[in-house]
Structure formats: C-alpha cells, structure tokens
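Results of the structural survey
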There are 2 protein chains.
Amino acid sequence: MKQEGNIPYKIYLEESEMPTSWYNMRADMKTKPAPLLNPGTLKPMTFEELTGVFCDDLVAQELDDDTAYVEIPEEIRSFYKMYRPSPLVRAYCLEEKLQTPAKIYYKFEGNNTSGSHKLNSAIAQAYYAKKQGLKGVTTETGAGQWGTALSMACAYLGLDCKVYMVKVSYEQKPFRREVMRTYGASVTPSPSDSTEVGRKILAEHPGTTGSLGCAISEAVEVATTNEGYRYVLGSVLNQVLLHQSVIGIETKTAMDKYGIVPDIIIGCAGGGSNLGGLIAPFMGEKLRGERDYRIIAVEPASCPSFTRGKFAYDFCDTGMICPLAKMYTLGSGFIPSPNHAGGLRFHGMSSILSQLYHDGYMEATSVEQTSVFEAAELFARTEGILPAPESAHAIRTTIDEALKCRESGEEKTILFGLTGTGYFDMVAYEKFHNGEMNDYIPTDADLQAGFDGIPKFPGNEF
Amino acid sequence: MKQEGNIPYKIYLEESEMPTSWYNMRADMKTKPAPLLNPGTLKPMTFEELTGVFCDDLVAQELDDDTAYVEIPEEIRSFYKMYRPSPLVRAYCLEEKLQTPAKIYYKFEGNNTSGSHKLNSAIAQAYYAKKQGLKGVTTETGAGQWGTALSMACAYLGLDCKVYMVKVSYEQKPFRREVMRTYGASVTPSPSDSTEVGRKILAEHPGTTGSLGCAISEAVEVATTNEGYRYVLGSVLNQVLLHQSVIGIETKTAMDKYGIVPDIIIGCAGGGSNLGGLIAPFMGEKLRGERDYRIIAVEPASCPSFTRGKFAYDFCDTGMICPLAKMYTLGSGFIPSPNHAGGLRFHGMSSILSQLYHDGYMEATSVEQTSVFEAAELFARTEGILPAPESAHAIRTTIDEALKCRESGEEKTILFGLTGTGYFDMVAYEKFHNGEMNDYIPTDADLQAGFDGIPKFPGNEF
C-alpha cells in the first residue's frame, strides 16, 4: 500500500491537543437560525418555558446565538479522554481500490461502546442534568445509538435513564436493549401504552412501526409529568450541534497539523448532529469568509427532508407537544417506510443546518438504500471497519465523488464523517445479502400528506 | 477524575514506534515446548508432514524454536496500521470506583471489526497462504471472533474463506454469521453433515452443541481434501503466539516510554493466543533473568485446563486427526457445559504456555461465570467499554487483585489484556440480567471421562 509522505494511516491527537471549548456556529452566522416558537402563542420560547422540559444550562446553550466558544467543563473533558480523541483515518486502501487520485479522509467516531458520535452530547447533557441535581432523564432513540450513549453517560454519573425506542428499531435490534440494560437504563418500545400520547397514536395507527417524532412525544410527556426528570434529545437541537463540534475541531486540528485542507466535506444527515459537528470549524471559516469548502449533506431517499422537504416552522414531534422549529421538514406526521434500515428517520432537520442550507452554504443529496449497502460492504472489505448504515450514506457519496475524480483526474481531498459501526445492524445487512432490500421512495402524494400536517399561520408560508 | 502526572488515559504509539518484528518466546526458554507428534508413529511431525495441513511458511514458524525475532512482512505491517497500534489504557475510573491504590492498565484489542486481538494472526496466516498461491483457507471458530477476523483478512487479500462455527455459538450469535458474510466467507455450524468426521460425531452425540475440537476436525478434513486449501488456526499453535506478540511488544514499548513497570500481568486463557501475545516480551525478560513479573492466566471454571487438567500429549481436535501436542488438557473429548457463554471453550492449551506454567513461570486461576459477568458489567459502567465475556475473565481477576491492594495498601501496577468487545454476546448478557446464568463446574467424574480419552503410550504418563 503506498503511503503518502508523512501522513499516517490514522492521526491521533495527543491528549494535550484535545479541544477545551466547543464552537458555536451561530455566532458567525449572519442570518441566525429562527427561534423556537411556543405553538400556543407563536411567540419565541422563553428560557422559563423551555426549562420545564430541558435542563437549565442546556436551555441557556440552546438560546445563545452569540457566544462562539463555550468552555467544556473539566468533568466532560475527563470523560472525553476515555474514548477520544477519535482517529482521523486516511483511507489508503479505499483509494487504491477505487483507483482514484482523490485523497480520502474519515473521522471515525465508532470506537466506543455506543458505537457512534452520540456519546459526545450524551455525556454533556447528562453532566448538566446531574449538575442541576436531577434524578434522571428521558429520551427517545431510533437506531439505538443515542439511547446507548445516554445510558453509558448516565451510568457513569449515576443518573436514572428512561429510553423510548422506535418500535421498528426495537424489533430489528434486539440486542441494543441488552446493552442499554447493561448500563442500567429502562427501554420501552414506542409507541407504547405507558403514555397518553402513545395510547393516542396507537389508537389512530394501530400497526405503526413508530417514528422518532412519536418517541420524542412520549419521552417529553414522561419528563414533564415526573418530578426530578428532564428530557434530553440526541440531535436536531442547537445545543447538540454545539457539543458535537468536538468532532470537527479535533478533525481540523489534526488536518492543520499535517497541512491537509479538505476540498469537500461529506456527512450523513438525519437530525444533523454528526454533520453539524463535523463541519463546525470549517463552516466557521466559510461564514467568516476566510476559506471556502464544498459541504454536502447526504440523506436517505426514503426520508429526504433537505432535498424534498419544506423550509417552514413545524413540530419536532408527532404528538405536537414540543415547540415549533423552523427547519427543512417532511411534516411531523411523516413516517418513513418500514423498509428503511437504521437511523436517519427523523422528519425534520437541525435549524442551524436548515438555515445554512437555505442560505447556500451547503449542498444536499439523497441516496437509495441498496446503493448505500453496496458502499458499506465495499468499505468494510477494503478499510476493515463495518460501518453503520447511517454512516454508509456518507460513504456512498464519498465514493461517488472519488470516482468523479478518477474521471477528471483531479486530486481532490475529501473528508467524510464515519459516525459509527454497524454491529447492531446485521438484520439490515442480512436483508441486503439476501437481496431483500427495498428502495421505496416516497411519492409526491406521500410527501404532500406530510406537508398537509405542517401548521399554517402568518409568516409560515411554504 | 484524578490523573497521574504525565500518564494519559490512553497511550497510543506513533506509527513509527510500531513493532517491526514479532518475538518468539521459545528462543529464550531453557526447556522448549515438546514437539508435535505424529499420532501414528509417535515421532515428531516433520516439515513435510505438516505442510499437508498448514501453509509452508507457517509450518516453518511453528517448528522454529530458536529465532527470537521474526521480521513482520511489509504487507502485514500495512494492514496492522489500519487498526493498530491499539491503545494502552489507564483505568482511572475503575481505580476510583474500587478505591484501590493499585494502578490498572489494559491493552485494548477490541477496536476493530473482528472485535478482538484475533486479527493480528489472521492477517499473518492469510498473507502466507496468499504468498503460497493458495485458493483459500478453512478454519473453525468458537465465539466467532477468529472467524470474523479471518474473513476480514481474506477479503482484504482476495482469498476464499470457509468457516466451521461451533454450533452453540452459531445459535447464540446469529449476527456473527452476517458479519462474516459481509466479508465474503461461508459459515457452517459444527458438527455438520458436510464432512465425514462431522457425520461421525453427530451419529455418536446427536444432541451435541459442538466444541472447538470438533470444528477443528471438520475444517482440517475440508482443507486436506480440497486442492489449493490449507487449514489455519486462531490459537494454541506456536505460530499464533508469535504473531500475537505484537500485543505485548506494543504494550511494553508504551510502558517503557512512560517508565511504567507492571507488577502483575493478567490475561484470559482459552487456547492461549491473547495471553501468550500479551506476556511475550515480559516473559522474555523473565526467562533471561532480567526482571521478574507475576503472570496470571485466568480460565473459566467450566473449562479449567490449566487448573484441573493434565500435562500430557493429547489430540488438539475431537476427531483425533490432528497431531498430538504436549499441553495441559482436559481430554479431546471434553465438551464444556452449554451453559458456558462465549469462547474459552477449548479443551487444551498452547504448548508454549503449558511448558511455562509447568516450569513455574506463571500462575493460573479459574473464575465462575456469574462473577465474570458481574465484573464485566462493573467495567462497562465505569470504563465505558462493553467487554467480551472472554476478556471479562481477566477483568474479574484484575478487580480481585486490585481489591487485595486496597486491603494491603500496596500500590501495585496491574496490566491486563482486554481482548475484545461483547457486542455479539448480548444473549449471554441477557441471561446474566435475567438471573439465568449457570455456574456449573465439571465434577471430578466429568473430568475423568475426558482424561480417559487422552492417548496412553510410553512417555505420556500423567
């Protein structure tokens, strides 16, 4: 395998080079993301309103559009040292396999038991809950990565953890529950009959396989009706992107150290936590006009919020009990086909990323399931790592861009986020091996049904 | 979390500090391990006899008791760079949890898709098979780690890979098969009716859940009856311990760099590959009289080859078609209780380690299943990593030694091998959570039945 000059296969930062602050992209955005609205009054949610659902310090982070750098508390930095820095890997073997002149790098966030980047925000949110003296937290999980991450963080800090897991994932990933149990969490398939909103959804859609939006509603209900609990969310929110900026800052520090500058940055996008974290410091430079990068969000064709959604205020949850967020959305009633494997099932998208996309700072593309698993298998066989289906969306687009470089002869440097591992996704891989994968894409009529559920009010035209 | 001076949570070597040679403990042993014997003639197996089963270069390594350092071929070193160096981790959180003055370190070999250290030898064996121009290799796998590792190595080099998987593991770990399939391997539950020896074992023991010894017999039969195939083995053999020495050499390099000297070195022992690899350079110093270490092999109470076995010549496989090895053995007919979760199910033990144990260079202890999973869960909750049940044997004994330090106030430095992750062992974890774990230990009569199967001949008294 040819190795380029001084560039190792894996770049690990020293502990002393690890970030001491998170970076908040909003501070450098000329057009800030629109504020969360109270669905009753249609006025911006206040600190006081939000602290009924979320932890105080996290609400402060959620509402802070101005502070660029937020110091990472010492205890969180200690926890980060248990599994970070994560490696920035040069994909020498994939490059050779593709016979491309492109230089491919990936930031691998899967080397921890949660199997993904989700732990970066889980420990932060659990830390602030603990600091506030709470008993525990509630949350939803789709593919199970966030629930596992939160369970780990809560076990570490001695907090109770109640997880509502999207039913289709609960069934497809039977072992995820046991991992969360190992970390002491309780796990309930959603929709469940343990909440009012769950019972309502079950009554209306008896055969539903669930959705993130629905699981969110249940978790929020439990948090707001139990003393000493708050709700935490693994993606979408501004605070989550803030915490996840640790991914991008480490990546940029490592690249700067070796004089590497990416031309293209690629990440999968469900709610936007990984993508927002990976691109943060690069987007900062772009927003400040210091340097330009091509940034591509990759989403599943079965849940295409960027590429086919509306930019509008919408509910984050199916039960319509959460605040309204301005974002690219398919409507809170949209439930992706049960044939869609893995995560990236959320109907909406981070408000920050939505605004950046709307303002032309990034592109988006959608890819179909079979081609995603083909990319996953090729990657596994050449680079050794078995990717999560979510991550494989970014791999698909990376391979496509690298093949374009082969055509054009351009030596572009491509960076992508390898968010996690696929050890708990073997049911999906099995379907792929057996040729049972389904590439169903929502029709315009399917989408229209979702759009019809987006609330209409003056200023929310779409 | 208090952090000691300059000792990071995780010590990663630079690529340039990675080993360039493997170390062969036999070169420094005064009493060499006894040679493999031809079961027909009871004479030492010759190079020619062994090359019918194994690859030529690997047979040369198997028989070489004299060369201390064997250069690692460039292509293997390239592959190692994809997932190595593995981190040497300071277990600050576990130390705090246990309130022990002991300093605990672990070498974590689970950060690769095979989930264990097995990849270190898999790539070496696949490399030599490829170099010899073979079509493919056959093997057995117990817990599935070795089969996955070999599948990955074969996919990388373009070799065919046929895996015989112990039936109980095949059933307990349904997703392992899909991982191997992702890497292009074929997987057959053993005993199977696809081989003569498999059919014979099935006829004699219709309800058997299989054993490593039985799966070995099937894989060897397929290798020796198919043109262009050889058999490869993931543990026990001298060549495997040679390849696995990369674990210990990296560990010692990292410890030397920070001036750390372990007092106690602990590893789980099934066939001995991880333990033999981890201790190699330390044992080298001990054999040469340069420094003393306390070295402890930990085995399951349900398969206690060191602590309750006989030191004698015995078959490595149930079908009695392999050469005889002098080792601590429970008899090739011994099949551990199906209640025993995970790997470490082999009836014998590496000849090298057996000789070292016999000569007093190391100790051995056995631990029961429930206490192993208690240690695993404690470790997961404090250090974050979900350990493989195999690795948790070493964790159990490490915790016990650290608690002794708490009693005595001694600041001992303990090093243990964390061989892998438990993502595919959730059926076993589930049993533990549900209180269904069984601590069955073989009775003396059970063991005697196994010993009765050990071949009797002059010089093989036990």
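Residues numbered from 1 in each chain as written. Chains lettered and ligands numbered in written order. Predicted model: local features only at pLDDT ≥ 70, side-chain atom pairs only at ≥ 80, totals over all residues. Heavy atoms only, no water.

1. Topic: the overall build of chain A
From N to C terminus, chain A includes 18 helices and 15 strands. With the C-alpha coordinates of chain A rotated into their principal frame, the extents come out at 60 × 50 × 45 Å. (Helix = DSSP H or I, 4+ residues; strand = E, 2+ residues; numbered from the N terminus.)

2. Focus: the interface of chain A and chain B
Listed by partner, the interface residues are 46 residues for chain A and 46 residues for chain B. Together, Phe175, Thr182 and Tyr423 of chain A form the three largest contributors to the area buried by chain A at its contact with chain B, with a combined 17%. Here Glu430 of chain B makes a salt bridge to Arg177 of chain A, at a shortest N to O gap of 3.0 Å. Joining chain A to chain B, the criterion identifies 29 residue pairs in polar contact (both at pLDDT 80 or more). Elements with a minimum of two residues in the side of chain A that touches chain B: helix H3 (74-83), helix H6 (145-157), helix H8 (174-182), helix H15 (369-383) and helix H17 (426-433) of chain A. By residue number, the principal contributor to the side of chain A that touches chain B is H8 of chain A, which donates seven residues. Of the residues that constitute the side of chain A that touches chain B, the class distribution is 23 nonpolar, eleven polar and twelve charged. (Contact = heavy atoms within 4.5 Å. Buried area = accessible area lost by both parts, 1.4 Å probe. Salt bridge = Lys/Arg side-chain N within 4 Å of Asp/Glu carboxyl O. Polar contact = N/O pair within 3.5 Å; in protein donor to acceptor, adjacent residues only side chain to side chain. Nonpolar A, V, L, I, M, F, W, Y, C, P; charged D, E, K, R; others polar.)

3. Describing the side chain of Asp314 of chain A
Residues and elements named next belong to chain A. Looking at the element boundaries, Asp314 is found in strand E12 (residues 310-315). At 8.7 Å, Lys456 is the nearest oppositely charged side chain to Asp314, a buried residue that forms no salt bridge. Here Ser332 takes part through its backbone nitrogen, which lies 3.1 Å from a polar atom of the side chain of Asp314. Excluding residues that lie within four positions of it along the chain, Asp314 makes contacts with Pro323, Leu324, Ala325, Met327, Thr329, Gly331, Ser332, His347, Gly453, Ile454 and Pro455. (Buried < 20%, exposed > 50% of the residue type's maximum accessible area, 1.4 Å probe, protein only. Lys, Arg positive; Asp, Glu negative; His and termini not counted.)

4. A word on the packing of helix H15 (residues 369-383) of chain B against helix H17 (residues 426-433) of chain B
Residue and element names in this part refer to chain B. Where H15 contacts H17, the axes come no closer than 11 Å and their chain directions differ by 105 degrees. As the angle between them shows, H15 and H17 are arranged roughly perpendicular. Between H15 and H17, the contacting residues are Thr370, Phe373, Glu374, Ala376 and Glu377 on the first element and Ala428, Tyr429, Phe432 and His433 on the second. Within the contact of H15 with H17, the residues separate by chemical class into five nonpolar, two polar and two charged. (Axes fitted to C-alpha atoms, helices over the stretch in contact; angles between N-to-C directions. Parallel < 35°, antiparallel > 145°, perpendicular 65-115°, else oblique.)

5. A closer look at the domain arrangement of chain A
All names here are of chain A. Along its sequence, chain A is carved into domain 1 (10-20 + 84-115 + 245-451) and domain 2 (37-70 + 117-231). For domain 1 and domain 2, the distance between their C-alpha centroids amounts to 23 Å. Contacts between the two partners involve 36 residues from domain 1 and, on the opposite side, 36 residues from domain 2. Approximately 2,900 Å² of surface area, both sides summed, lies buried where domain 1 meets domain 2, with 61% of it carried by carbon and sulfur atoms. Among the residues domain 1 hides against domain 2, the three largest losses belong to Ser114, Arg345 and Phe424. Together they make up 23% of the total. Between domain 1 and domain 2 we count zero salt bridges in total. Our count for the contact surface shared by domain 1 and domain 2 stands at six residue pairs in polar contact (both at pLDDT 80 or more). For the side of domain 1 that touches domain 2, the elements supplying multiple residues, two or more each, are helix H11 (238-257), helix H12 (273-287), E12 and H17. Its residues assigned to classes, the side of domain 1 that touches domain 2 comprises 16 nonpolar, 13 polar and seven charged. (Domains from an automatic or database assignment.)

6. Looking at the sheet that holds strand E7 (residues 160-166) of chain B
Residue and element names in this part refer to chain B. Spatially, the four strands line up as an open sheet ordered E8-E7-E6-E9, and their pairing is parallel. Looking along the sheet, the strands with just one partner apiece sit at the ends: strand E8 (186-190) and strand E9 (229-231). Neighbour-to-neighbour, the strand axes of this sheet turn through a mean angle of 20 degrees, independent of strand direction. Looking at chain direction, strand E6 (residues 136-141) and E7 are connected through six bridges and run parallel. The partner of Glu140 across the bridge, within E7, is Tyr164. Taken strand by strand, helix H8 (residues 174-182) contacts E6, E7 and E8, and its axis lies near 175 degrees from that of E7. (Pairing = 2+ DSSP bridges.)

7. A word on the side chain of Ser273 of chain A
Residue and element names in this part refer to chain A. Structurally, Ser273 can be placed in helix H12. The buried category is assigned to Ser273, whose relative accessible area is 4%. There is a polar contact of 2.9 Å between the side chain of Ser273 and the side chain of His117.

8. Quick look at the state of the cysteines
Residues and elements named next belong to chain B. One pass over the full model with this rule turns up zero disulfides over all chains. Cys154 supplies the cysteine sulfur nearest to Cys161, a cysteine that is in no disulfide, at a spacing of 4.1 Å. For Cys161, a relative accessible area of 2% puts it in the buried group. Take Cys405: it sits in no disulfide, and the sulfur closest to it among the cysteines is that of Cys93, at 18 Å. (Disulfide = S-S within 2.5 Å.)

9. What to know about helix H5 (residues 119-131) of chain A
Residues that lie three or four places apart on an α-helix share one face, since the helix turns once every 3.6 residues. Residue and element names in this part refer to chain A. In a regular helix each residue adds 1.5 Å, so 13 residues correspond to 18 Å; H5 covers 18 Å between its end C-alpha atoms and thus fits that length. Most of H5 is tucked away, with eleven of its 13 residues classed as buried. Among the residues making up H5, those that are buried are Leu119, Asn120, Ser121, Ala122, Ile123, Ala124, Gln125, Ala126, Tyr127, Tyr128 and Ala129. (Expected span 1.5 Å × (residues − 1).)

10. Digging into the pairing of E12 of chain A
Residue and element names in this part refer to chain A. E12 sits mainly inside the fold: five of its six residues count as buried. The sheet contact formed by E12 and strand E13 (residues 324-329) spans six bridges and is antiparallel. The residue of E13 that forms the bridge with Lys310 is Thr329.

11. A word on the pattern of salt bridges
All names here are of chain A. Considering all chains together, one arrives at 58 salt bridges over all chains under this definition. The closest approach of N and O atoms between Asp28 and Arg288, which form a salt bridge, is 2.9 Å. Of the two residues, Asp28 sits in the loop between strand E2 (21-23) and helix H1 (47-50) while Arg288 sits in the loop between H12 and strand E11 (294-300), which places them 260 residues apart along the sequence. Each of Glu4, Arg90, Glu95, Lys103 and Glu411 takes part in salt bridges that share partners, so that together they form one network.

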